[in-house]
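Residues per chain are reported as follows:
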Amino acid sequence: MDIRGLTALITGGASGLGAGAARVLSEAGARCALLDRNVDLAREVAAEIDGLALACDVVDTASIETALAAASAELGVPRIVLNAAGIDVAIRTAGPKGPHSLAEFERVLRVNLTGTFNVARLAAQAMTAEPPLNEDGERGVIVNIASVVAEDGPIGQVAYAASKAGVQGMTLPMARDLAPFGIRVVTVAPGMFETPLASGIPQSWIDAIIPTVPFPRRWGNPLEFGALVRQICENPMLNGEMIRIDGAIRMGIEHS
Amino acid sequence: MEIRDQIAIVTGGASGLGAATARHLAAQGARIAVLDINENLARQIADEVDGIAIPVDVANDTSVAAALATVRSRLGVARIVVNAAGTGIGRKIASSKGPHPLESFRRVVDINLTGTFDVCRLAANEMLALEPVTADGERGVFVNVASIFGFDGPVGNTAYAASKAGVIGMTLPMARDLAPYGIRVVTICPGVFDTPLARAETGDAGFQRILDLVPFPRRAGKPAEFAQLACHIVENSMLNGEVIRLDAAMRMGLMI
């Protein structure tokens, strides 16, 4: 898909992976709508890339509908959707501190999994009514963000791992549901990337984990994530797949 | 890693996925060694991309060593190696025709799996003595070609599926072995692509029947789309130790 002139809707677009991808897609000619709970921060990124900042909380359907309508009215119906909004908690299933809070588990699921699904279903519905963009009949692409934690869940990550494994699991059926409309669905599973979300990780854990990245032995740069998102948008044969971008890290028991 | 001015070896570079990759790498400024068992076809592609053609039988270790020595003396040591040489055979493990011949099983494994391994081990051994080319300490990258048959093997494909699952399985340990030298390893699993190998295996009618089972886009992949992903892998240093399906969301059910 030629992304020049297309609207890209990016949740969590004010920082981290969402902002990194917005910079790359914008550079490649897309017009970005940055949806975030922190609309002030979204405005800063939007000003930098000549995009549109919109307040949105992905746990709130009305908020998504409003943002989607505003993005469509201002820039055109989004043909690229990147679900980058996400949160993390570090709580063990059970232990001296008691059982994992059910409310916290559900809060992570509502943002990372249900929020992703909710944006995808509403944005896909809008896309289905749009004309195809090319001779393949392609109408758009949805890129979801899972995590290597979905497959290699470390200790204290039961909620995050469950939510991201859910995103991984949605990839194929969503791609199959949307194939008749020429909409692709691809999930990216990042490893250790330098983002505000990662800044919540204790320093001792970070000091221990970066040396276990085989190569390159450093944080991933959100622009590298963005470059992969661009490739996914541009390569029509990528569909129904989850791609790990992680410097070959696998989290073993030492990541506990 | 930047592709410009790097030396690239493409095995099976005379046709199909390999030839398309040779063209894309050359278009981005790489100097290409086209290695193929078919020397005449290899010469045509080499002429087209202003590269060199070298005959090789990847199942023959003497031939592989000689071909790599020729690359080294004529172009220098390659930092990009794409293992696209491959073969297939359609035969059930047992049927009214009798048991699958052991010889043809060994032949497919010799070419697809051991041949890939042989090229990797010898090329990596030369690569690790080079100076790094990036601030990360990157020295080179291997892109190996497996197949979705390595996961979803259809009937009559035990040899091919075993060989490609072997290539999939080598990806992570090879990436880990070579990480200390700044060498990455990524595997692509193509679905149905329009290549001489795919058409020879299925026949034109069978090829069309399989295409009806591809979710989106419902057509054969273009070798140029494979090449596009291969080039992205070379350029994106965070991609390592991963196996990427490039298959338009196809999964092979019992119908094939």
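With respect to the environment of B:Gly98
Residues and elements named next belong to chain B.
- Note that Gly98 resides in strand 6 (residues 98–99).
- Using a count of 9 C-beta atoms within 10 Å as the deciding quantity, one classes Gly98 as exposed.
- For Gly98 and Phe142, which are 44 residues apart along the polypeptide, the C-alpha to C-alpha distance reads 39 Å.

Things to note about the sheet that holds strand 7 (residues 140–145) of chain B
All names here are of chain B.
- Taken in spatial order, the seven strands make up an open sheet running 3-2-1-4-7-8-9, and their pairing is parallel. Whereas interior strands pair on both sides, the edge strands pair on one side only; in this sheet they are strand 3 (52–55) and strand 9 (243–246). Between one strand axis and the next, the sheet turns by 20° as a mean value, whatever way the strands run.
- Where strand 1 (residues 7–11) lies against strand 2 (residues 31–36), five bridges are found, and the strand directions are parallel. Looking across to strand 2, one finds that Thr11 is bridged to Leu35.
- Along the sheet, helix 1 (residues 16–27) makes contact with strand 1, strand 2, strand 4 (80–83), strand 7 and strand 8 (183–190), crossing strand 1 at roughly 170°.

Quick look at helix 7 (residues 223–235) of chain B
- Its 13 residues place the ends of helix 7 of chain B 19 Å apart at the C-alpha level, agreeing with the 18 Å of an ideal helix rising 1.5 Å per residue.
- Burial of helix 7 of chain B is extensive: eleven of the 13 residues sit out of reach of the surface.
- Taken together, the buried positions of helix 7 of chain B are B:Pro223, B:Glu225, B:Phe226, B:Ala227, B:Gln228, B:Leu229, B:Ala230, B:Cys231, B:His232, B:Ile233 and B:Val234.
- Taken together, the buried residues of helix 7 of chain B touch helix 8 (222–234) of chain A together with helix 1, strand 4, strand 7, strand 8 and strand 9 of chain B.

Some details on the interface of chain A and chain B
- On the side of chain B, 29 residues touch chain A, which itself brings 30 residues to the contact.
- Contributions of two or more residues to the side of chain A that touches chain B are made by helix 6 (158–178), helix 8 and strand 7 (242–245) of chain A.
- It is helix 8 of chain A that provides the largest number of residues to the side of chain A that touches chain B, a total of four residues.
- Considering only residue class, the side of chain A that touches chain B consists of 14 nonpolar, seven polar and nine charged.

Basis of the calculations
- Residues numbered from 1 in each chain as written.
- Chains lettered and ligands numbered in written order.
- Predicted model: local features only at pLDDT ≥ 70, side-chain atom pairs only at ≥ 80, totals over all residues.
- Helix = DSSP H or I, 4+ residues; strand = E, 2+ residues; numbered from the N terminus.
- Buried ≥ 20, exposed ≤ 12 C-beta atoms within 10 Å, placed from the backbone.
- Pairing = 2+ DSSP bridges.
- Axes fitted to C-alpha atoms, helices over the stretch in contact; angles between N-to-C directions.
- Contact = placed C-beta atoms within 7 Å.
- Expected span 1.5 Å × (residues − 1).
- Nonpolar A, V, L, I, M, F, W, Y, C, P; charged D, E, K, R; others polar.

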